[in-house]
Amino acid sequence: MGKRYFCDYCDRSFQDNLHNRKKHLNGVQHQKCKKVWYDLFRDAAEILAEEECKKLCRRFLQTGQCDFGPSCRFSHMSVQDLDALKAKVEAERKLKEEQNRQIPPCRVDAWLKERAKRESSRSESASASEGPIYHLPPGWPPLCELPPSLHPPTPADWSVSEDLEWG
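With an unreviewed UniProt entry as reference, the protein is termed C3H1-type domain-containing protein, source organism Staurois parvus.

As structure tokens, then:
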């Protein structure tokens with residue numbers, strides 16, 4: 001029978017070959033189904049702005065159904081639906097404002113001053129002591145059991161001879 005291609009947007013399958021897949025992906029039905037799928041994830045404010053610009057669909061108001069469905073150029077939302085959508089947009093807006101208020105303003109100057117203080121205290125403490133103190137990660141064996149390549153350097157290793165040439 002061969003491989004079959006299943007389109008998640010259209011919820012249908014067909015024989016998978018280049019011609020059939022290209023024909024399906026460029027088809028009007030697939031494009032409509034794909035638009036409906038992505039419209040499910042649109043922002044509420046965007047939907048509200050679009051629905052307020054549309055006129056009401058008379059057929060949908062009279063019968064409760066419309067032959068065009070989601071692709072109708074008229075609005076299928078009732079007054080209650082629009083009010084609920086407005087309330088949702090307002091709630092989202094308030095939530096965003098609340099989150100923006102909770103974030104402290106960025107103060108680069110204060111951060112730089114604090115950093116300079118820390119750096120100066122580190123340099124003073126480093127010059128006062130012989131060198132840095134090394135701590136092994138938790139779970140490692142004692143220093144005497146480690147191979148030489150994992151031993152921390154000694155102060156004698158830090159000295160650099162003046163006649164050393166690089167390159």
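Okay, back to it.
A. Focus on the UniProt feature "domain: C3H1-type" (unreviewed entry) in the protein. According to UniProt, the feature "domain: C3H1-type" (unreviewed entry) maps to residues 51-79 in the numbering used here. Regarding residues 51-79, the helix share stands at 34% and the strand share at 0%, and the terminal C-alpha atoms are separated by 11 Å.

B. Region of interest: the pattern of salt bridges. Here the structure, examined in full by the defined rule, presents twelve salt bridges. Here arginine 21 makes a salt bridge to aspartate 16, at a shortest N to O gap of 2.9 Å. One salt bridge connects lysine 54 with glutamate 50, and the closest N-O pair in it is separated by 3.6 Å. Glutamate 50 sits in the partly exposed class, given a relative accessible area of 31%. Salt bridges linked by common partners bring Lys35, Asp39, Arg42, Glu46, Glu50, Glu51 and Lys54 together as one network.

C. Summary view of the environment of tyrosine 5. In this structure, tyrosine 5 sits in strand β1 (residues 4-7). Along the backbone, tyrosine 5 and glutamine 15 are ten residues apart, and their C-alpha atoms lie at a distance of 6.0 Å. When residues no more than four places from it in sequence are discounted, the contact partners of tyrosine 5 are Arg12, Ser13, Phe14, Asp16, Arg21 and Leu25.

D. Layout of the nonpolar core. Within the largest apolar cluster, six residues are counted, these being Ala44, Ile47, Leu48, Leu82, Leu85 and Val89. The residues touching alanine 44, leaving out its near neighbours within four places in the chain, are Leu85, Lys88, Val89 and Glu92. In this structure, Tyr5, Cys7, Phe14 and Cys33 belong to the second largest nonpolar core, which totals five residues.

E. Here's a closer look at unusual backbone geometry. Phi at aspartate 11 takes a positive value of approximately 60°, unusual for a residue other than glycine. Overall, aspartate 11 belongs to the exposed group, its relative accessible area being 58%.

F. Quick peek at helix α3 (residues 44-53). Along α3, the positions that sit buried rather than exposed are Ala44, Ile47, Leu48 and Glu51. For α3, the arc enclosing every buried residue in end-on projection is 100°, short of the 170-degree limit, so these residues lie on one face. Contacts from the buried residues of α3 go to α2 (28-39) and α5 (79-102).

G. Structural context of the packing of aromatic side chains. Counting across every chain of the model gives three aromatic pairs. Both rings, one in tyrosine 9 and one in tyrosine 38, keep their centres 6.0 Å apart while their planes meet at 45°; by these two values the pair is tilted. Pair noted here: tyrosine 9 is in the loop between β1 and β2 (12-15) and tyrosine 38 is in helix α2, with a separation of 29 residues, a long-range link. A relative accessible area of 28% places tyrosine 9 in the partly exposed class.

H. The arrangement of the packing of α3 against α5 in detail. One can describe the packing of α3 onto α5 by two numbers: an axis separation of 9 Å at closest approach and a directional angle of 145°. Seen along the crossing, α3 lies across α5 with a hand that is left-handed. Contact with α3, carried on its side by Ala44, Ala45, Ile47, Leu48, Glu51 and Glu52, involves Leu82, Leu85, Lys86, Lys88, Val89 and Glu92 of α5 and no other residues of that element. Among the residues making up the contact of α3 with α5, the classes are represented as seven nonpolar, no polar and five charged.

I. Main features of α5. The end-to-end C-alpha separation of α5 is 35 Å, in line with the 34 Å expected for 24 residues at 1.5 Å each. Within the sequence span of α5, burial applies to Leu82, Leu85 and Val89.

J. Broad picture of the pairing of β2. For β1 and β2, the ladder comprises four bridges, and the chain directions are antiparallel. Bridging across to β2, cysteine 7 finds its partner in arginine 12. From the end of β1 to the start of β2, which pair antiparallel, there are four residues, and aspartate 11 there has a positive phi angle of about 60°.

Cut-offs used in this document
Residues numbered from 1 in each chain as written. Predicted model: local features only at pLDDT ≥ 70, side-chain atom pairs only at ≥ 80, totals over all residues. Heavy atoms only, no water. UniProt positions renumbered as here; feature names shortened; annotations may be inferred. Helix = DSSP H or I, 4+ residues; strand = E, 2+ residues; numbered from the N terminus. Salt bridge = Lys/Arg side-chain N within 4 Å of Asp/Glu carboxyl O. Buried < 20%, exposed > 50% of the residue type's maximum accessible area, 1.4 Å probe, protein only. Contact = heavy atoms within 4.5 Å. Core = buried A, V, L, I, M, F, W, Y, C linked by side-chain atoms within 4.5 Å. Arc of directions from axis to C-beta. Phe/Tyr/Trp six-rings, centres within 6.5 Å; stacked < 30°, edge-to-face > 60°. Axes fitted to C-alpha atoms, helices over the stretch in contact; angles between N-to-C directions. Left-handed = near helix turned anticlockwise from the far one by under 90°. Nonpolar A, V, L, I, M, F, W, Y, C, P; charged D, E, K, R; others polar. Expected span 1.5 Å × (residues − 1). Pairing = 2+ DSSP bridges.

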